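Results of the structural survey
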Amino acid sequence: MSAGQASDPASGSSPAWEGASQVDAVLEQVRAQLDLDAEMEHDLLAELQGHLEDAVAAARARGLDEERALAEAAACFGVEEVGRELQAAHVGWGTADGVVAAGLPVLCALILRWLVFAPDGTVVGWREVLMRPAFWVVALAALLVPLLRFPRWRYALVSWAFFWAMSVIFFAWPAVQW
Amino acid sequence: MASQIDQMRKGTTTVAILKLLVDEDEPLHGYEIIRRLDARGEGYFHFKEGLIYPRLHRMEQDGLLESRWVGEPGTRRRKMYTLTEKGRQQLEVEMRRWQTFSRQMDQLLGLEGA
């Protein structure tokens, strides 16, 4: 994520604010210390952006001009230390999340395969599968576990889409050996 | 001397945040937490403002806090922190620990009743 994205309306900030570009420059220094997934970095920088905007606004309310207000906010903030500490705080969690995120769809696919195929290897059929509570439990797990565990809605949607894609593939090409 | 105070502050920031959130009894965002901690400490404890965020995030990972984003798209969004039940329990433990430490230090330094 670039500093410019930090003031994107999609991030929920106030892009019309005149000091936004200077704040983005400070955020870019923090971002340079980070090596996390894009969504995590986006969230972290959005939070820091709100802080810096508040700090600059408070300094300006005390009578400082724009440049001095930003300099003061940046000095109190501790840019490089914050980046290092945030990276240290989140890097291990990002790895754990990645392992879970990668493993969950695979686990769901294995359970799905067990549900879709009868013991003799024939496909039981859509109607019968959709009537099985276990199918819906797995389907909901593929959606809700990533959403509640991380929480990352993009992971959840990808996991959900993967599950349904695997369902369709199992039914469309039952002869394929998995 | 400043570094000694820094070390003491680092060791007590978690309990200070927990106590603040209990006392204020409302969700607070990071900037507001710093502002109120600074007011409580009357400026004695100099908080490097940005460093509150790694601490808040670690506390959230430890289950002491939970957070949620507040604000509509197109407006300024804020990440608000609230205390969890585990955080309340941790605060009780930390407060007892701190009281014992403080009492023992006073006794050690002959400051008891001073």
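Residues numbered from 1 in each chain as written. Chains lettered and ligands numbered in written order. Predicted model: local features only at pLDDT ≥ 70, side-chain atom pairs only at ≥ 80, totals over all residues.

Considerations on the overall build of chain B
Of the regular secondary structure elements, chain B holds four helices and three strands. Burial status across chain B gives 24% buried among its 114 residues. Partitioning the intrachain contacts of chain B with sequence separation of at least 6 by distance along the chain shows that 43% fall at a separation of at least 24. (Helix = DSSP H or I, 4+ residues; strand = E, 2+ residues; numbered from the N terminus. Buried ≥ 20, exposed ≤ 12 C-beta atoms within 10 Å, placed from the backbone. Contact = placed C-beta atoms within 7 Å.)

Describing the confidence of the model for chain A
Residue and element names in this part refer to chain A. The predicted model of chain A averages 76 in pLDDT, with 78% of residues at 70 or higher. The least confident element of chain A is helix H1 (residues 3-6), whose mean pLDDT is 38; the most confident is helix H3 (residues 38-61), at 90. Counted against residues more than four places away or in other chains, residues 1-17, with its pLDDT under 50, gives 40 contacts. (pLDDT = per-residue confidence, 0-100.)

Observations regarding the interface of chain B and chain A
The interface is formed by 20 residues belonging to chain B together with 22 residues belonging to chain A. Elements supplying a minimum of two residues to the side of chain B that touches chain A: helix H2 (30-40), helix H3 (52-61) and strand S3 (78-83) of chain B. Each residue belonging to the side of chain B that touches chain A can be placed in one class, and the counts come to five nonpolar, eight polar and seven charged. (Nonpolar A, V, L, I, M, F, W, Y, C, P; charged D, E, K, R; others polar.)

Let's talk about H2(B)
Residue and element names in this part refer to chain B. Those residues of H2 lying buried are Gly30, Tyr31, Ile33 and Ile34. The buried side chains of H2 occupy one side of the element, clustering within an arc of 160 degrees when seen end-on. Backbone geometry just after H2 places Glu42 at a positive phi near 50 degrees. (Arc of directions from axis to C-beta.)

As for unusual backbone geometry
If you check the backbone angles, B:Asp25 has positive phi at about 55 degrees while not being a glycine. With respect to the helices and strands, the residue B:Asp25 is situated in the loop between helix H1 (2-24) and strand S1 (28-29).

Quick look at the packing of H2(B) against H3(B)
Angle between the axes and distance between the axes are the two parameters that describe a pair of packed helices. Residue and element names in this part refer to chain B. In contact at an axis separation of 10 Å, H2 and H3 are set at 110 degrees when each is read in the N-to-C sense. As judged from the angle between their axes, H2 and H3 are roughly perpendicular. Where H2 crosses over H3, the handedness of that crossing is right-handed. Residue-level contacts link Gly30, Ile33 and Ile34 of H2 to Ile52, Tyr53 and Leu56 of H3. When the residues that make up the contact of H2 with H3 are grouped by side-chain class, the tally is five nonpolar, one polar and no charged. (Axes fitted to C-alpha atoms, helices over the stretch in contact; angles between N-to-C directions. Parallel < 35°, antiparallel > 145°, perpendicular 65-115°, else oblique. Left-handed = near helix turned anticlockwise from the far one by under 90°.)

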